[in-house]
Amino acid sequence: MQHGSGCLAQRFFQFADCLTHGHTALLMLDRTRPFQHVDASRRVRQLLLQVCPADERPQNADTVERGIRWPTSSECSTEEVKVTAKSEYDPGASSPEKGKWEWNYTVTIRNESDRTVQLLTRHWVITDASGRQQEVGPQAYGVVGQQPILRPGESFSYVSGCPLPTSFGTLQGSYEMVVLEPAALHGQRFHAQIDGFGLTMDGSDALMPIVIP
């Protein structure tokens, strides 16, 4: 099986690149890391790096070893409920000399469906630069003390804060929603996903370590 192994390795890397397109992600089913998303092609490439000899790797293979980039804004639509989020570093609330960094993030939830829905609970997963995670929820009450009702075409925006013990990290999660109208769908629940976004001091992408369970 040694003959042509380099070509075979190259083909596997090409296959890994074809696994995803755009923002498709692989949900890692690790109960200790809920909502931990890793781009599927990067995940497979990282696994291949562990078994392929160095001289058979593509020239750019080492780039995946440095981590995954998370932009400081995100947008995701679930059941026609669109959630957009953007973070901004808050130097006034931060004390780097004491190991404390803080960000404000703005979230807008827009109901693009023909139903009336209500936000019930929130679930956040916060990851710092070392890969350590903490959660809010998964059934924390509403957002900023409210459980907003969104009729078709309506939106709700709010600003909140997130402290970290490191100078960068990520946020991701979901909102539990319930359908109020029409009557035929009343009581149906779903989770509107909050796609992951980075927390950085200068607004650049957060370069996070790859976590493979």
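Check the entry above for the structure.
In this report, the structure presented in the accompanying data block is examined. Being a predicted model, the structure only gives us computed values, none of them experimental.

## Some thoughts on the pattern of salt bridges
Side chains carrying opposite charge are able to pair once their charged atoms draw close together.
Then comes step 1: All chains considered together, the criterion is met by six salt bridges.
Then comes step 2: Here Lys-82 and Glu-75 are joined by a salt bridge, their closest N and O atoms 3.8 Å apart.
Then comes step 3: Taking relative accessible area as the criterion, Lys-82 reaches 22% and is therefore assigned partly exposed.
Then comes step 4: A salt bridge links Arg-189 to Glu-176, with the nearest nitrogen and oxygen atoms 3.0 Å apart. Placement of the pair is Arg-189 in strand S12 (residues 189–199) and Glu-176 in strand S11 (residues 169–181), with a sequence separation of 13 residues.
Then comes step 5: Overall, the relative accessible area of 55% leaves Arg-189 in the exposed class.

## Observations regarding unusual backbone geometry
Then comes step 1: Look at the link from Gly-137 to Pro-138: it is a cis peptide, with omega at 25 degrees.
Then comes step 2: Residue Pro-182 follows Glu-181 across a cis peptide bond; omega there is 5 degrees.
Then comes step 3: Checked against the element boundaries, Pro-182 lands in the loop between S11 and S12.
Then comes step 4: Phi angles above zero are rare outside glycine, and Glu-80 is one such case at about 65 degrees.

## Regarding the packing of aromatic side chains
Then comes step 1: Inspection of the entire model under this criterion finds six aromatic pairs.
Then comes step 2: Taking 6.2 Å as the distance between ring centres and 55 degrees as the angle between the ring planes, the aromatic pair formed by Tyr-105 and Phe-197 counts as tilted. Of this pair, Tyr-105 sits in strand S6 (residues 101–111) while Phe-197 is found in strand S12, placing the two residues 92 residues apart along the sequence.
Then comes step 3: For Phe-197, a relative accessible area of 0% gives the class buried.
Then comes step 4: Ring centres of Trp-124 and Tyr-175 lie 6.4 Å apart, and the angle between their planes is 85 degrees; this geometry places the pair in the edge-to-face category. Taken together, the residues Trp-124 in strand S7 (residues 116–128) and Tyr-175 in strand S11 connect sequence positions 51 residues apart.

## Brief notes about the side chain of Gln-118
Then comes step 1: Here Gln-118 lies in strand S7.
Then comes step 2: There is a polar contact of 3.1 Å between the side chain of Gln-118 and the backbone oxygen of Gln-147.
Then comes step 3: With residues near it in sequence (within four places) discarded, Gln-118 still touches Gln-147, Pro-148, Ile-149, Glu-176, Met-177, Val-178 and Leu-180.

## A look at the sheet that holds strand S4 (residues 73–78)
Then comes step 1: Here we have four strands laid out as an open sheet, ordered S4-S5-S6-S10, and antiparallel in their pairing. The open sheet has two edge strands, S4 and strand S10 (155–164), and neither has a second partner. Put simply, the sheet's adjacent strands are angled 20 degrees from each other on average, direction ignored.
Then comes step 2: As defined by bridge partners, S4 adjoins strand S5 (residues 81–89) across six bridges and the pair is classed as antiparallel. Note that in S5 the partner of Ser-73 across the bridge is Lys-86.

## Some thoughts on the environment of Thr-84
Then comes step 1: With respect to the element layout, Thr-84 can be found in strand S5.
Then comes step 2: For Thr-84, a relative accessible area of 22% corresponds to the partly exposed category.
Then comes step 3: Along the sequence, Thr-84 and Ile-194 sit 110 residues apart, while their C-alpha atoms lie 7.4 Å from each other.
Then comes step 4: Apart from the residues within four sequence positions on either side, Thr-84 is in contact with Ser-74, Glu-75, Thr-106, Val-107 and Thr-108.

## Examining the nonpolar core
Then comes step 1: Ranked by size, the top nonpolar core spans 28 residues in total, and within it Val-107, Ile-109, Trp-124, Tyr-158 and Tyr-175 carry the most contacts.
Then comes step 2: Every element with two or more residues in this core is listed here: S5, S6, S7, S10, S11 and S12.

Basis of the calculations
- Residues numbered from 1 in each chain as written.
- Predicted model: local features only at pLDDT ≥ 70, side-chain atom pairs only at ≥ 80, totals over all residues.
- Heavy atoms only, no water.
- Salt bridge = Lys/Arg side-chain N within 4 Å of Asp/Glu carboxyl O.
- Buried < 20%, exposed > 50% of the residue type's maximum accessible area, 1.4 Å probe, protein only.
- Helix = DSSP H or I, 4+ residues; strand = E, 2+ residues; numbered from the N terminus.
- Phe/Tyr/Trp six-rings, centres within 6.5 Å; stacked < 30°, edge-to-face > 60°.
- Polar contact = N/O pair within 3.5 Å; in protein donor to acceptor, adjacent residues only side chain to side chain.
- Contact = heavy atoms within 4.5 Å.
- Pairing = 2+ DSSP bridges.
- Axes fitted to C-alpha atoms, helices over the stretch in contact; angles between N-to-C directions.
- Core = buried A, V, L, I, M, F, W, Y, C linked by side-chain atoms within 4.5 Å.

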